[in-house]
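An overview of the molecular structure
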Amino acid sequence: MIEVTDLRRVYGGGFEAVRGVSFSARRGEVFALLGTNGAGKTSTLELLEGLAAPTAGQVRIFGHDPYTDRAAVRRRTGVMLQEGGFPSDLTVTETARMWAGAVSGARPPQEVLPLVGLGGKGDVRVKQLSGGERRRLDLALALLGDPEVLFLDEPTTGLDAEGRRDTWRLVRELRDNGTTVLLTTHYLEEAEALADHLAIMHKGRIATTGTPAEVTAAQPSRITFELPRGYFPGDLPPLDELGVTGHELDGRTVKLHTRELQRAATRLLVWAERSGMELKGLDVRSASLEEAFLGIAHDVSAREDAHGASAGESSTTTGREYAA
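Values in this document were obtained by computation on a predicted structure and should not be read as measured data.

Turning our attention to the sheet that holds strand β2 (residues 16–25). Sheet architecture is open: three strands sit in the order β2-β1-β4, paired in antiparallel fashion. The open sheet is flanked by β2 and β4 (56–61), the only strands paired with a single partner. Neighbour-to-neighbour, the strand axes of the sheet open up by a mean angle of 20°, direction not taken into account. Two elements, strand β1 (residues 2–10) and β4, share five bridges in a ladder whose sense is antiparallel. Following the sheet pairing, Arg-8 is matched in β4 by Ala-56. Its contacts with the sheet place helix α1 (residues 41–48) against β1, β2 and β4, and it is angled at close to 120° to β1.

Before going further, it helps to spend a moment on the side chain of Thr-224. Secondary-structure assignment places Thr-224 in strand β10 (residues 221–226). Beyond its immediate chain neighbours, meaning those up to four positions away, Thr-224 contacts Thr-253, Val-254, Lys-255, Gly-281, Leu-282 and Asp-283.

Before going further, it helps to spend a moment on the packing of aromatic side chains. Inspection of the entire model under this criterion finds two aromatic pairs. Here Tyr-11 and Phe-15 contribute two aromatic rings whose centre-to-centre distance is 6.5 Å and whose plane-to-plane angle is 20°, an arrangement assigned as stacked. With relative accessibility at 51%, the residue Phe-15 sits in the exposed group. Summarising the aromatic geometry, the rings of Phe-23 and Phe-31 are spaced 4.8 Å apart at their centres and angled 15° between planes, so their arrangement reads as stacked. A cation over a ring is seen here: Arg-164 above Tyr-187, with NZ or CZ 4.0 Å from the ring centre. The residue whose ring lies beneath Arg-252 is Phe-232, and the NZ or CZ to ring-centre distance is 5.8 Å.

Below, the discussion takes up the environment of Leu-289. Looking at where Leu-289 falls in the secondary structure, it is placed in helix α11 (residues 289–323). Leu-289 sits in the buried class, given a relative accessible area of 0%. Expressed as a C-alpha distance, the spacing of Leu-289 and Ala-217, which sit 72 residues apart in the sequence, is 9.3 Å.

This part covers unusual backbone geometry. One non-glycine residue, Asp-6, lies in positive phi territory at about 45°. Assignment of secondary structure puts Asp-6 in strand β1. For Glu-154, which is not glycine, the phi torsion reads 55° and is therefore positive. For Glu-154, the location among the structural elements is in the loop between β6 (149–153) and α6 (161–176).

This next bit is on the sheet that holds β6. Ordered by their spatial adjacency, six strands build an open sheet running β5-β6-β7-β3-β8-β9, and the pairing between neighbours is mixed. Of all strands in the sheet, those bounded by a partner on one side alone are β5 (77–80) and β9 (205–210). Taken pair by pair, the neighbouring strands of this sheet meet at an average axis angle of 15°, ignoring direction. Relative to strand β7 (residues 180–184), strand β3 (residues 30–35) runs parallel, the two sharing four bridges. Opposite Val-30, over in β7, you have Val-181 as the bridge partner.

Here we come to α1. Counting buried positions along α1 gives six out of eight residues, so the element sits mostly inside the fold. Turning to α1, its buried residues number three or more, namely Lys-41, Ser-43, Thr-44, Leu-45, Leu-47 and Leu-48. Gly-50, located one to two residues past α1, shows a positive phi value of around 80°.

This part covers helix α5 (residues 131–143). When the terminal C-alpha atoms of α5 are compared, their 19 Å separation across 13 residues agrees well with the 18 Å that a helix rising 1.5 Å per residue should span. By the criterion of burial, α5 is predominantly enclosed, with 11 of the 13 residues buried. All of the buried residues along α5 are Gly-132, Glu-133, Arg-135, Arg-136, Leu-137, Asp-138, Leu-139, Ala-140, Leu-141, Ala-142 and Leu-143.

Criteria and thresholds
Residues numbered from 1 in each chain as written. Predicted model: local features only at pLDDT ≥ 70, side-chain atom pairs only at ≥ 80, totals over all residues. Heavy atoms only, no water. Pairing = 2+ DSSP bridges. Helix = DSSP H or I, 4+ residues; strand = E, 2+ residues; numbered from the N terminus. Axes fitted to C-alpha atoms, helices over the stretch in contact; angles between N-to-C directions. Contact = heavy atoms within 4.5 Å. Phe/Tyr/Trp six-rings, centres within 6.5 Å; stacked < 30°, edge-to-face > 60°. Buried < 20%, exposed > 50% of the residue type's maximum accessible area, 1.4 Å probe, protein only. Lys NZ or Arg CZ within 6 Å of the ring centre and 35° of its normal. Expected span 1.5 Å × (residues − 1).

Here it is in C-alpha coordinates:
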(Lines give C-alpha, C1' and ligand atoms only; values in the text may rest on other atoms or scores of the structure.)
Protein backbone atom coordinates (compact mmCIF):
# COMPACT_ATOMS: atom_id res chain seq x y z
CA MET A 1 0.00 0.00 0.00
CA ILE A 2 2.87 2.36 0.81
CA GLU A 3 6.37 2.09 -0.66
CA VAL A 4 9.05 4.65 0.15
CA THR A 5 12.48 4.32 -1.47
CA ASP A 6 15.56 6.46 -0.72
CA LEU A 7 13.37 9.50 -0.09
CA ARG A 8 15.05 12.90 0.22
CA ARG A 9 13.73 16.40 0.84
CA VAL A 10 15.88 19.53 0.70
CA TYR A 11 14.46 22.92 1.61
CA GLY A 12 15.63 26.29 0.32
CA GLY A 13 19.04 27.16 1.66
CA GLY A 14 20.20 23.55 1.34
CA PHE A 15 18.73 22.11 4.57
CA GLU A 16 18.21 18.38 4.04
CA ALA A 17 15.28 17.39 6.26
CA VAL A 18 14.85 13.87 4.85
CA ARG A 19 18.03 12.01 4.00
CA GLY A 20 17.48 8.72 2.19
CA VAL A 21 14.45 7.20 3.95
CA SER A 22 13.03 3.81 2.90
CA PHE A 23 10.16 1.76 4.37
CA SER A 24 6.88 0.11 3.40
CA ALA A 25 3.46 -0.61 4.92
CA ARG A 26 1.00 -3.34 4.00
CA ARG A 27 -2.79 -3.35 3.83
CA GLY A 28 -4.42 -3.46 7.26
CA GLU A 29 -1.27 -2.40 9.11
CA VAL A 30 -0.51 0.44 11.51
CA PHE A 31 2.94 1.89 10.81
CA ALA A 32 4.31 4.45 13.28
CA LEU A 33 6.96 6.99 12.30
CA LEU A 34 8.75 8.19 15.44
CA GLY A 35 11.49 10.68 16.14
CA THR A 36 12.51 13.71 18.14
CA ASN A 37 11.44 17.23 17.14
CA GLY A 38 13.16 18.07 13.86
CA ALA A 39 13.80 14.41 12.97
CA GLY A 40 11.96 14.81 9.66
CA LYS A 41 8.68 12.99 10.43
CA THR A 42 6.28 15.66 9.20
CA SER A 43 8.52 16.48 6.22
CA THR A 44 8.35 12.80 5.26
CA LEU A 45 4.61 12.56 5.84
CA GLU A 46 3.92 15.58 3.60
CA LEU A 47 5.71 13.83 0.74
CA LEU A 48 3.61 10.71 1.25
CA GLU A 49 0.45 12.82 1.30
CA GLY A 50 1.40 14.39 -2.04
CA LEU A 51 1.64 17.90 -0.60
CA ALA A 52 5.13 18.34 -2.07
CA ALA A 53 7.45 16.61 -4.54
CA PRO A 54 10.51 14.83 -3.18
CA THR A 55 13.94 16.19 -4.02
CA ALA A 56 15.03 12.62 -4.80
CA GLY A 57 13.82 9.07 -4.30
CA GLN A 58 10.23 7.99 -4.75
CA VAL A 59 6.92 7.42 -2.98
CA ARG A 60 4.26 5.01 -4.18
CA ILE A 61 0.76 4.82 -2.70
CA PHE A 62 -1.34 2.04 -4.32
CA GLY A 63 1.50 1.97 -6.88
CA HIS A 64 1.00 5.65 -7.83
CA ASP A 65 3.06 8.78 -7.22
CA PRO A 66 0.91 10.81 -4.76
CA TYR A 67 2.19 14.12 -6.15
CA THR A 68 1.97 13.58 -9.91
CA ASP A 69 -0.93 11.06 -9.80
CA ARG A 70 -2.92 12.98 -7.21
CA ALA A 71 -6.31 12.18 -8.76
CA ALA A 72 -5.65 8.44 -8.49
CA VAL A 73 -4.43 8.61 -4.88
CA ARG A 74 -6.25 11.39 -3.07
CA ARG A 75 -9.79 9.94 -3.28
CA ARG A 76 -8.59 6.75 -1.57
CA THR A 77 -6.68 8.40 1.28
CA GLY A 78 -7.53 10.36 4.41
CA VAL A 79 -5.23 12.98 5.89
CA MET A 80 -5.19 14.38 9.41
CA LEU A 81 -2.65 17.19 9.51
CA GLN A 82 -0.71 18.15 12.62
CA GLU A 83 -2.88 21.25 12.85
CA GLY A 84 -6.11 21.87 10.94
CA GLY A 85 -7.66 25.21 10.09
CA PHE A 86 -11.44 25.54 10.21
CA PRO A 87 -13.76 28.53 9.70
CA SER A 88 -14.45 29.40 13.32
CA ASP A 89 -18.08 30.54 12.82
CA LEU A 90 -19.27 27.31 11.20
CA THR A 91 -20.79 24.59 13.33
CA VAL A 92 -19.27 21.13 13.53
CA THR A 93 -21.91 19.73 11.18
CA GLU A 94 -21.54 22.61 8.72
CA THR A 95 -17.76 22.10 8.69
CA ALA A 96 -18.18 18.39 7.99
CA ARG A 97 -20.69 19.08 5.19
CA MET A 98 -18.36 21.64 3.63
CA TRP A 99 -15.48 19.16 3.71
CA ALA A 100 -17.67 16.35 2.39
CA GLY A 101 -18.28 18.44 -0.73
CA ALA A 102 -14.59 18.06 -1.60
CA VAL A 103 -14.38 14.31 -0.89
CA SER A 104 -15.25 11.52 -3.32
CA GLY A 105 -17.96 9.22 -1.97
CA ALA A 106 -18.13 11.03 1.37
CA ARG A 107 -20.11 9.43 4.17
CA PRO A 108 -22.83 11.53 5.86
CA PRO A 109 -21.45 13.67 8.73
CA GLN A 110 -24.02 12.15 11.11
CA GLU A 111 -22.39 8.77 10.48
CA VAL A 112 -18.80 9.91 11.06
CA LEU A 113 -19.06 12.45 13.90
CA PRO A 114 -20.22 9.87 16.50
CA LEU A 115 -17.16 7.73 15.69
CA VAL A 116 -14.90 10.43 17.15
CA GLY A 117 -17.13 11.42 20.05
CA LEU A 118 -18.69 14.49 18.44
CA GLY A 119 -22.16 13.09 17.89
CA GLY A 120 -23.64 15.57 20.35
CA LYS A 121 -21.61 18.56 19.15
CA GLY A 122 -23.08 19.04 15.68
CA ASP A 123 -24.63 22.44 16.44
CA VAL A 124 -21.59 23.81 18.32
CA ARG A 125 -19.49 26.41 16.51
CA VAL A 126 -15.87 25.47 15.87
CA LYS A 127 -14.61 28.44 17.90
CA GLN A 128 -16.38 27.02 20.95
CA LEU A 129 -14.63 23.66 20.75
CA SER A 130 -11.77 22.75 23.04
CA GLY A 131 -8.39 21.90 21.56
CA GLY A 132 -9.06 18.19 22.00
CA GLU A 133 -12.46 18.48 20.32
CA ARG A 134 -10.87 20.22 17.34
CA ARG A 135 -8.49 17.27 17.02
CA ARG A 136 -11.50 14.96 17.03
CA LEU A 137 -13.03 17.04 14.23
CA ASP A 138 -9.74 16.79 12.31
CA LEU A 139 -9.97 13.03 12.56
CA ALA A 140 -13.63 12.97 11.53
CA LEU A 141 -12.87 14.89 8.33
CA ALA A 142 -10.01 12.49 7.52
CA LEU A 143 -12.49 9.60 7.79
CA LEU A 144 -15.28 11.07 5.64
CA GLY A 145 -14.12 9.33 2.47
CA ASP A 146 -13.75 5.89 4.16
CA PRO A 147 -10.04 5.87 3.21
CA GLU A 148 -7.98 2.81 2.35
CA VAL A 149 -4.85 4.63 3.59
CA LEU A 150 -5.07 7.02 6.52
CA PHE A 151 -2.30 9.49 7.45
CA LEU A 152 -2.41 10.69 11.06
CA ASP A 153 0.07 13.38 12.13
CA GLU A 154 0.10 13.56 15.95
CA PRO A 155 -3.55 12.46 16.16
CA THR A 156 -3.99 12.55 19.95
CA THR A 157 -2.18 15.79 20.79
CA GLY A 158 -4.43 17.82 23.09
CA LEU A 159 -6.74 14.91 23.93
CA ASP A 160 -7.39 13.83 27.49
CA ALA A 161 -6.77 10.23 28.56
CA GLU A 162 -10.29 9.12 27.64
CA GLY A 163 -10.11 10.78 24.22
CA ARG A 164 -6.73 9.19 23.56
CA ARG A 165 -8.05 5.71 24.40
CA ASP A 166 -11.12 6.26 22.23
CA THR A 167 -8.87 7.22 19.31
CA TRP A 168 -6.76 4.11 19.86
CA ARG A 169 -9.88 1.96 19.77
CA LEU A 170 -10.98 3.60 16.51
CA VAL A 171 -7.56 3.16 14.90
CA ARG A 172 -7.59 -0.54 15.82
CA GLU A 173 -11.06 -0.95 14.31
CA LEU A 174 -9.94 0.76 11.10
CA ARG A 175 -6.89 -1.52 10.90
CA ASP A 176 -9.00 -4.62 11.52
CA ASN A 177 -11.28 -3.55 8.65
CA GLY A 178 -8.32 -3.34 6.26
CA THR A 179 -7.29 0.32 6.45
CA THR A 180 -3.56 1.03 6.36
CA VAL A 181 -2.69 3.67 8.95
CA LEU A 182 0.53 5.64 8.99
CA LEU A 183 0.90 7.81 12.07
CA THR A 184 3.44 10.04 13.72
CA THR A 185 3.29 10.51 17.47
CA HIS A 186 5.34 11.82 20.37
CA TYR A 187 3.56 9.42 22.72
CA LEU A 188 5.73 6.30 22.72
CA GLU A 189 3.09 4.43 24.72
CA GLU A 190 0.73 5.14 21.81
CA ALA A 191 3.13 3.69 19.26
CA GLU A 192 3.76 0.64 21.44
CA ALA A 193 0.01 0.07 21.82
CA LEU A 194 -0.98 0.58 18.18
CA ALA A 195 1.89 -0.07 15.78
CA ASP A 196 2.40 -3.34 13.95
CA HIS A 197 5.69 -1.91 12.65
CA LEU A 198 7.54 1.29 13.36
CA ALA A 199 10.56 3.30 12.30
CA ILE A 200 12.56 5.69 14.46
CA MET A 201 13.92 8.71 12.61
CA HIS A 202 16.88 10.78 13.77
CA LYS A 203 18.19 13.81 11.91
CA GLY A 204 16.43 12.90 8.69
CA ARG A 205 17.41 9.24 8.60
CA ILE A 206 15.82 6.02 9.85
CA ALA A 207 17.91 4.77 12.76
CA THR A 208 16.01 1.50 13.20
CA THR A 209 12.84 -0.22 12.06
CA GLY A 210 10.87 -3.33 13.01
CA THR A 211 8.01 -4.43 15.23
CA PRO A 212 7.84 -2.75 18.67
CA ALA A 213 9.04 -6.04 20.19
CA GLU A 214 12.00 -6.24 17.81
CA VAL A 215 13.04 -2.65 18.48
CA THR A 216 12.85 -2.98 22.26
CA ALA A 217 14.59 -6.38 22.21
CA ALA A 218 17.71 -4.66 20.84
CA GLN A 219 18.05 -2.79 24.16
CA PRO A 220 19.14 -4.33 27.48
CA SER A 221 16.52 -5.47 29.98
CA ARG A 222 16.92 -4.51 33.64
CA ILE A 223 16.65 -6.00 37.10
CA THR A 224 16.37 -3.64 40.06
CA PHE A 225 16.40 -4.53 43.75
CA GLU A 226 17.56 -3.32 47.15
CA LEU A 227 20.43 -5.10 48.91
CA PRO A 228 19.65 -6.00 52.53
CA ARG A 229 21.73 -4.43 55.27
CA GLY A 230 25.02 -6.26 55.74
CA TYR A 231 25.29 -7.16 52.07
CA PHE A 232 27.33 -5.33 49.45
CA PRO A 233 27.53 -5.48 45.62
CA GLY A 234 30.69 -7.56 45.95
CA ASP A 235 28.64 -10.29 47.63
CA LEU A 236 26.65 -10.86 44.43
CA PRO A 237 27.62 -13.74 42.15
CA PRO A 238 30.06 -12.75 39.37
CA LEU A 239 28.08 -10.55 36.99
CA ASP A 240 29.25 -12.45 33.91
CA GLU A 241 27.79 -15.62 35.41
CA LEU A 242 24.48 -13.81 35.72
CA GLY A 243 24.64 -12.70 32.10
CA VAL A 244 24.84 -9.06 33.17
CA THR A 245 26.40 -6.52 30.81
CA GLY A 246 26.42 -3.53 33.17
CA HIS A 247 25.24 -2.33 36.54
CA GLU A 248 24.45 0.82 38.51
CA LEU A 249 24.44 1.43 42.27
CA ASP A 250 22.37 4.13 44.00
CA GLY A 251 22.77 3.79 47.75
CA ARG A 252 21.61 0.23 48.42
CA THR A 253 19.62 -0.02 45.20
CA VAL A 254 21.23 -2.13 42.49
CA LYS A 255 20.24 -1.98 38.83
CA LEU A 256 21.54 -4.73 36.55
CA HIS A 257 21.45 -4.53 32.74
CA THR A 258 21.21 -7.75 30.75
CA ARG A 259 20.34 -9.10 27.32
CA GLU A 260 19.55 -12.50 28.87
CA LEU A 261 16.72 -11.56 31.21
CA GLN A 262 15.45 -15.03 32.08
CA ARG A 263 18.93 -16.38 32.76
CA ALA A 264 19.95 -13.40 34.89
CA ALA A 265 16.73 -13.29 36.90
CA THR A 266 16.74 -17.05 37.53
CA ARG A 267 20.34 -17.16 38.76
CA LEU A 268 19.89 -14.08 40.91
CA LEU A 269 16.79 -15.52 42.58
CA VAL A 270 18.47 -18.90 43.14
CA TRP A 271 21.42 -17.12 44.77
CA ALA A 272 19.10 -15.04 46.97
CA GLU A 273 17.14 -18.15 48.02
CA ARG A 274 20.29 -20.03 48.95
CA SER A 275 21.54 -17.01 50.89
CA GLY A 276 18.25 -16.72 52.75
CA MET A 277 17.90 -13.20 51.39
CA GLU A 278 14.83 -11.18 50.47
CA LEU A 279 15.43 -8.82 47.55
CA LYS A 280 13.15 -5.91 48.42
CA GLY A 281 11.75 -3.78 45.62
CA LEU A 282 12.56 -6.47 43.06
CA ASP A 283 11.60 -5.23 39.58
CA VAL A 284 12.34 -7.36 36.50
CA ARG A 285 11.37 -5.97 33.11
CA SER A 286 12.26 -5.79 29.45
CA ALA A 287 13.27 -2.48 27.92
CA SER A 288 10.40 -0.15 27.09
CA LEU A 289 10.00 1.55 23.73
CA GLU A 290 10.91 4.82 25.45
CA GLU A 291 14.22 3.35 26.62
CA ALA A 292 14.88 1.96 23.15
CA PHE A 293 14.03 5.33 21.60
CA LEU A 294 16.36 7.25 23.92
CA GLY A 295 19.11 4.65 23.57
CA ILE A 296 18.98 4.71 19.78
CA ALA A 297 19.01 8.52 19.64
CA HIS A 298 21.99 8.61 22.02
CA ASP A 299 23.92 5.93 20.10
CA VAL A 300 23.35 7.61 16.73
CA SER A 301 24.37 11.03 18.06
CA ALA A 302 27.49 9.54 19.64
CA ARG A 303 28.48 7.87 16.36
CA GLU A 304 27.88 11.07 14.41
CA ASP A 305 29.90 13.10 16.91
CA ALA A 306 32.74 10.61 16.72
CA HIS A 307 32.62 10.60 12.93
CA GLY A 308 32.59 14.40 12.87
CA ALA A 309 35.58 14.55 15.20
CA SER A 310 37.48 12.06 13.06
CA ALA A 311 36.65 13.94 9.89
CA GLY A 312 37.72 17.22 11.47
CA GLU A 313 40.95 15.69 12.69
CA SER A 314 41.65 14.21 9.26
CA SER A 315 40.88 17.53 7.60
CA THR A 316 43.21 19.38 9.98
CA THR A 317 46.01 16.91 9.36
CA THR A 318 45.57 17.21 5.61
CA GLY A 319 45.67 20.98 5.90
CA ARG A 320 48.93 20.88 7.87
CA GLU A 321 50.46 18.48 5.37
CA TYR A 322 49.40 20.71 2.48
CA ALA A 323 50.84 23.78 4.19
CA ALA A 324 54.10 21.96 4.82
